[in-house]
Amino acid sequence: MQHHTTILLIEIGALLFGLGMLGRLGRRVGMSPIPLYLLAGVAFGQGGLIPLSASEEFIAVGAQIGVILLLVMLGLEYSADELVGNLRTAAPAGLIDMLLNALPGAAFALLLGWGWEAALVLAGITWVSSSGVIAKVLSDLGRVGNRETPTILSVLVIEDLAMAFYLPVVTAVLAGLSLANGLSTLGVAVVTVVAVLVVAIRYGGEISRFISVKDPEALLLSVLGLTLFIAGVAGELKVSEAVGAFLVGIAISGPVAHHATQILSPLRDLFAAVFFVFFGLSTDPADMPPVLLPALGLAVLTMLTKVLTGYLAAGRVGIALPGRIRAGLALMPRGEFSVVIAGLAVAYGVDARLAPLATAYVLITVVTGPLLARLSDYGWFKEWVRKRMAAQRAVQKPLPSPE
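It should be emphasised that the depicted structure is a prediction, and the values quoted were computed from it without experimental measurement.

> So what exactly am I meant to see when it comes to the overall build of the chain here?
Secondary structure summary: the chain contains 16 helices and zero strands in total. Within the chain, the proportion of its 403 residues that are buried is 48%. Across the chain, contacts joining residues at least 24 apart in sequence account for 84% of those joining residues at least 6 apart. When the accessible area of the chain is evaluated, it comes to approximately 18,800 Å², of which 68% is carbon and sulfur surface.

> What should I look at first to understand the nonpolar core in this one?
One broad trend across soluble globular proteins is that nonpolar side chains are buried collectively. If you look at the biggest cluster of nonpolar residues, it comprises 111 residues, and the most contacted ones within it are L38, L71, V121, L122, I125, I152 and F276. Tallying contributions element by element places helix α11 (residues 254-281) first for this core, with 13 residues. Excluding its chain neighbours within four sequence positions, the residues that come into contact with L38 are F276, F279, G280, L363, V366 and V367.

> Teacher, can you tell me more about the pattern of salt bridges here?
Side-chain pairs of opposite charge can arise whenever the charged atoms involved come near each other. As enumerated under the stated definition, the model contains four salt bridges in all. Between E148 and R326 there is a salt bridge, with the nearest N and O atoms lying 2.9 Å from each other. Of this pair, E148 sits in the loop between α6 (131-140) and α7 (149-175) while R326 sits in helix α13 (residues 321-330), and the two are 178 residues apart along the sequence. On the accessibility criterion, E148 (2% relative accessible area) is buried. A salt bridge links D269 to R268, with the shortest nitrogen-to-oxygen separation between them at 3.2 Å.

> Would you take a moment to explain the packing of helix α9 (residues 216-236) against α11 for this structure?
Each pair of packed helices gets described by two things: the angle between the helix axes and the distance between those axes. Two numbers describe how α9 lies on α11: the axes approach to 10 Å, and their chain directions differ by 80 degrees. As summarised for this structure, α9 and α11 are arranged roughly perpendicular, according to the angle between their axes. Counted together, P216, L219, L220, V223 and L224 of α9 and V256, H259, A260, I263, L264 and L267 of α11 form the full contact between these two elements. For the contact of α9 with α11, the per-class residue count stands at ten nonpolar, one polar and no charged.

> Even after reading the chapter, I still don't get a nonpolar patch on the surface, so can you show me in this structure?
Side chains of L95, M98, L99 and L103 sit close together on the surface and give an oily, nonpolar patch of about 350 Å² of accessible area. Assignment of secondary structure puts L103 in helix α4 (residues 80-111). Take L103: its relative accessible area is 52%, and that puts it in the exposed class.

> What am I meant to see in the environment of I59 here?
Note on placement: I59 falls in helix α3 (residues 56-76). Its relative accessible area of 2% is what places I59 among the buried residues. In this structure the C-alpha to C-alpha distance between I59 and L281, which are 222 residues apart in sequence, comes to 9.3 Å.

> Is there a simple way to think about the packing of aromatic side chains in this case?
Aromatic ring pairs: the centre-centre distance and the angle between the two ring planes describe each pair. A complete count under the given rule lists one aromatic pair for this structure. Relative to Y166, the ring of W127 lies with its centre 6.3 Å away and its plane at 85 degrees, an arrangement referred to as edge-to-face. Residue W127 is found in helix α5 (residues 116-127), and its partner Y166 is found in helix α7; the two are separated by 39 residues along the sequence. Taking the relative accessible area as the measure of exposure, W127 reaches 9% and is therefore buried.

> How should the side chain of D97 be read in this particular structure?
Summarising the element assignment, D97 is placed in helix α4. Once residues lying within four places of it in the same chain are set aside, the contact partners of D97 are A102, W127, V155, E159, K306 and T309.

> Is there a simple way to think about the environment of V121 in this case?
Take V121: it is sitting in helix α5. A relative accessible area of 0% means that V121 is categorised as buried. Between the alpha carbons of V121 and S338 there is a distance of 9.1 Å; along the sequence they are 217 residues apart. Each residue touching V121, except ones within four places of it in the same chain, is listed here: Y166, V170, L174, I341, A345 and L354.

> Would you explain helix α15 (residues 354-372) in this entry?
Residues three or four positions apart in an α-helix share a direction because the helix packs 3.6 residues into each turn. Counted at 1.5 Å a residue, the expected span for α15 with its 19 residues is 27 Å, and the 26 Å between its end C-alpha atoms agrees. Among the 19 residues in α15, 14 count as buried, and that is most of the element.

> Honestly, the packing of α5 against helix α12 (residues 292-316) in this entry has me stumped. Any pointers?
Closest axis-to-axis distance for the α5/α12 pair is 10 Å, and the angle between their directions is 55 degrees. On the basis of the axis angle, α5 is oblique to α12. Contact with α5, carried on its side by L122, T126 and W127, involves L298, T302 and K306 of α12 and no other residues of that element.

> Mind showing me how you'd approach the environment of L70 here?
Along the chain, L70 falls in helix α3. Given the relative accessible area of 2%, L70 is considered buried. Beyond its immediate sequence surroundings of up to four residues, L70 is in contact with G132, A135, K136, R268, A272 and F276.

> Could you clarify how one ought to interpret α9 in this entry?
With 21 residues, α9 extends 30 Å from end C-alpha to end C-alpha; this agrees with the ideal 30 Å at 1.5 Å per step. Within the span of α9, buried status applies to L219, V223, T227, A231 and A234. Each buried residue of α9 sits inside an arc of 75 degrees when the element is viewed along its axis, so together they form one side. Of the exposed residues in α9, the ones pointing more than 90 degrees away from its buried face are E217, L221, F229 and E236. A side-chain oxygen of the first residue of α9 lies 3.1 Å from the backbone nitrogen of E217; this N-cap is D215.

Parameters at a glance
- Residues numbered from 1 in each chain as written.
- Predicted model: local features only at pLDDT ≥ 70, side-chain atom pairs only at ≥ 80, totals over all residues.
- Heavy atoms only, no water.
- Helix = DSSP H or I, 4+ residues; strand = E, 2+ residues; numbered from the N terminus.
- Buried < 20%, exposed > 50% of the residue type's maximum accessible area, 1.4 Å probe, protein only.
- Contact = heavy atoms within 4.5 Å.
- Areas by Shrake-Rupley, 256 points an atom, 1.4 Å probe, with all protein chains shown as cover.
- Core = buried A, V, L, I, M, F, W, Y, C linked by side-chain atoms within 4.5 Å.
- Salt bridge = Lys/Arg side-chain N within 4 Å of Asp/Glu carboxyl O.
- Axes fitted to C-alpha atoms, helices over the stretch in contact; angles between N-to-C directions.
- Parallel < 35°, antiparallel > 145°, perpendicular 65-115°, else oblique.
- Nonpolar A, V, L, I, M, F, W, Y, C, P; charged D, E, K, R; others polar.
- Patch = residues over 30% accessible without salt bridge, like charges linked within 9 Å, V, L, I, M, F, W, Y side chains within 5 Å.
- Phe/Tyr/Trp six-rings, centres within 6.5 Å; stacked < 30°, edge-to-face > 60°.
- Expected span 1.5 Å × (residues − 1).
- Arc of directions from axis to C-beta.
- Polar contact = N/O pair within 3.5 Å; in protein donor to acceptor, adjacent residues only side chain to side chain.

This is the structure in structure tokens:
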């Protein structure tokens, strides 16, 4: 037991120190450290250089906490009223998002002859962007306060809420449950989401007043404990833990939200890094080559459809061309939900090729997505956007009336 504990400490210590060096390297060369964290996970995971066997369970739990902290921190940026307003405005964008990104995945599975169950699964994998990755990218690039960010978050929240209904349905289908059992599971998910939303909107002020900002230690323990508790309850009720954490952040407002953001930021950065490493650890590089080309083709197609989704969603609320492009580029990475959906397919014996395809697909989007999100910061890209906007203004400028 003592030997296992010391090996655990050695592995975790070496891992965190290495991540710190990778994060420093990434920022020095002007890129998000997320791809480096993922590749580090691949290097030390199944089939990698040195498997981290002793710390695997700790990293798995830390990864869950990382996603929860990323989402509660996003929720703290917005009030319940802003959330409801954004959801109403973004509902058409959510429908466009589903059509543009779920249908290619379903069609891809059918073209490969994998059957309609695999099509249902792959539709979910290609549909949902990674809230955790995108939250980290927005933070790293200093875009949390940008005008297009509420639109990005609205699309993500609609996706996460949709997952609260999609996951029970796909689980029932894969398990071969009766229609009554499937509807019962879905009903529990719907009631849970609505109940948490009502509490967040109506009683968010009382919750915030109950938590003191005068004692940093008590504030940290209260907010973190409440977030983990609600996320766990949401997960038990077959609703996404990420949705539960996001709604806790929405429910907390005022000075409590401001101080909680400052206190939780270091914890978020720590556990978010662990999350990205964990994703890489679960990937065996030997499984990738046979499915790499199909995964690459699917990734390119659905990254383009995500760019179009963000562009259209931001355009609907009057955001200018640069913000529309930033919104589209930000939405490209897939992540935690795609992995969960693929795991369900594996557990219920859907086509064995689906798991490595999904893993390769997610890795491609998660590694390239944060890199491509920086395109809008480069001078040549800004110059191209300025020329496009100038050309649009020239076309829209009315001709002088004849005298």
